[in-house]
Amino acid sequence: MGKQPVGSSQTSVLHPKGSSEWTNVLGVRVSAVNLKSATGIIQKAIEDGRKEYVCVRDAHGIVRCQDDPELRSIHNRAFLVTPDGMPLVWALKRAGHAESDRVYGPDLMLSVFDAGSSRGLRHFLYGATDETLEKLRARLLAKFPQARIVGSYAPPFRKLSTREETEIADRLNRSGADIIWVGLSSPKQELWMARMRDRLEASMLIGVGAAFDFHAGLKRQAPRIIQRSGFEWAFRLLCEPRRLWRRYALVVPTFISLTAFQRLGLRKFPIEDAVFGLSAPKAAAAKV
């Protein structure tokens, strides 16, 4: 098979960790998965005793990565970067990944809880507030009575000291959790997962953001038809105009224009070789 430039939007190679195929979307490796396959990949990684983290990513996060090399690197070192927005799903399908579909953070959380109930997977809830965590825990256990939620913790809304991070790591490790669900705002949760990954015994850290508020019943999710339309951002904007208008005024036109440049070959968005420890020729040769 012919080699394809690493910067191409059509790149389709195996992640060096072997988790899944992926497509380059503006320099970010977006995994070619759907809800079922992502759940299975996560389960297999836990069974194999791997220690990884998962980023659930939308167009806003991809745009944010453009001006933040550290955040972009964090995504490209993740075990999975799931397509949590229809524009990313469409990019995957254009690249030939017909089975790819949206892996929405709240849906992924429920899917993994469901699949893990019979396997005795142990879950820890990290983020939000004590009130949110209490409601979230109650609702999850009502839906999945066999689920093992081994702990929860609402961190302070400020930068943690070195001592606090050590104490939190000890607390999380003592819980014996297999999965730590991280419900912080983005990019705070991605930065936290990358910084704490080597200090935690849990197999999988999964950042799901607002899923905590949705499943706790504190925020309203967009109707499924709107989620599938690609206009969920408009629904969220209507729900929280003061907080979100600046974000979407920048994100929507920026994402559309940059992806057009990438598809037309007018601008390159390479995946940094240093992130993977691979040269471009080696990465291209891994194409399947």
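A short tour of the structure in this document, coming up. (Residues numbered from 1 in each chain as written. Predicted model: local features only at pLDDT ≥ 70, side-chain atom pairs only at ≥ 80, totals over all residues. Heavy atoms only, no water.)

**What about the overall build of the chain?**
Assigned secondary structure in the chain consists of 14 helices and nine strands. Put simply, the chain has 288 residues, and 52% of those count as buried. Of the accessible surface of the chain, which amounts to about 13500 Å², a share of 54% is contributed by carbon and sulfur atoms. (Helix = DSSP H or I, 4+ residues; strand = E, 2+ residues; numbered from the N terminus. Buried < 20%, exposed > 50% of the residue type's maximum accessible area, 1.4 Å probe, protein only. Areas by Shrake-Rupley, 256 points an atom, 1.4 Å probe, with all protein chains shown as cover.)

**Details of the packing of helix α2 (residues 59-66) against helix α3 (residues 69-76)**
The geometry of α2 relative to α3 is characterised by a closest axis approach of 6 Å and an angle of 125° between their N-to-C directions. Between α2 and α3, the crossing angle belongs to the class labelled oblique. Only Pro-69, Leu-71, Arg-72 and His-75 of α3 make contact with α2, whose side of the interface consists of Arg-64, Cys-65 and Gln-66. Split by residue class, the contact of α2 with α3 holds three nonpolar, two polar and two charged. (Axes fitted to C-alpha atoms, helices over the stretch in contact; angles between N-to-C directions. Parallel < 35°, antiparallel > 145°, perpendicular 65-115°, else oblique. Contact = heavy atoms within 4.5 Å. Nonpolar A, V, L, I, M, F, W, Y, C, P; charged D, E, K, R; others polar.)

**Remarks on the pairing of strand β4 (residues 52-57)**
For β4, a buried count of six out of six residues is recorded, marking the element as mostly surrounded by other parts of the structure. The two faces of β4 match: Glu-52, Val-54 and Val-56 on one face and Tyr-53, Cys-55 and Arg-57 on the other face are all buried. The pairing of β4 with strand β9 (residues 204-207) spans four bridges and is classified as parallel. Residue Tyr-53 lies in a different strand from β9, and its bridge partner there is Leu-205. Alignment of β4 against strand β5 (residues 80-83), held across four bridges, turns out to be parallel. Pairing of Arg-57 across the sheet is with Pro-83, part of β5. (Pairing = 2+ DSSP bridges.)

**Some remarks on the pattern of salt bridges**
Enumeration according to the criterion identifies 13 salt bridges in this entry. Among the salt bridges present, the one from Asp-178 reaches Arg-122, with a minimum N-O distance of 3.0 Å. Placement of the pair is Asp-178 in the loop between α7 (162-175) and β8 (179-183) and Arg-122 in strand β6 (residues 122-127), with a sequence separation of 56 residues. You can call Asp-178 buried: its relative accessible area is 14%. In this structure, Glu-165 and Arg-199 form a salt bridge, with 3.3 Å as the shortest nitrogen-oxygen distance. Taken together, the residues Glu-165 in helix α7 and Arg-199 in the loop between α8 (188-196) and β9 connect sequence positions 34 residues apart. Glu-165 sits in the buried class, given a relative accessible area of 10%. Judged by its relative accessible area of 32%, Arg-199 is partly exposed. Three or more residues are tied together by salt bridges with common partners; here these are Arg-57, Asp-58 and Glu-190. (Salt bridge = Lys/Arg side-chain N within 4 Å of Asp/Glu carboxyl O.)

**Considerations on the state of the cysteines**
As enumerated under the stated definition, the model contains zero disulfides in all. The thiol of Cys-55 is not disulfide-bonded; the next cysteine sulfur, from Cys-65, is found 8.2 Å away. You can call Cys-55 buried: its relative accessible area is 0%. Under the relative-accessibility criterion, Cys-65 is labelled buried at 0%. (Disulfide = S-S within 2.5 Å.)

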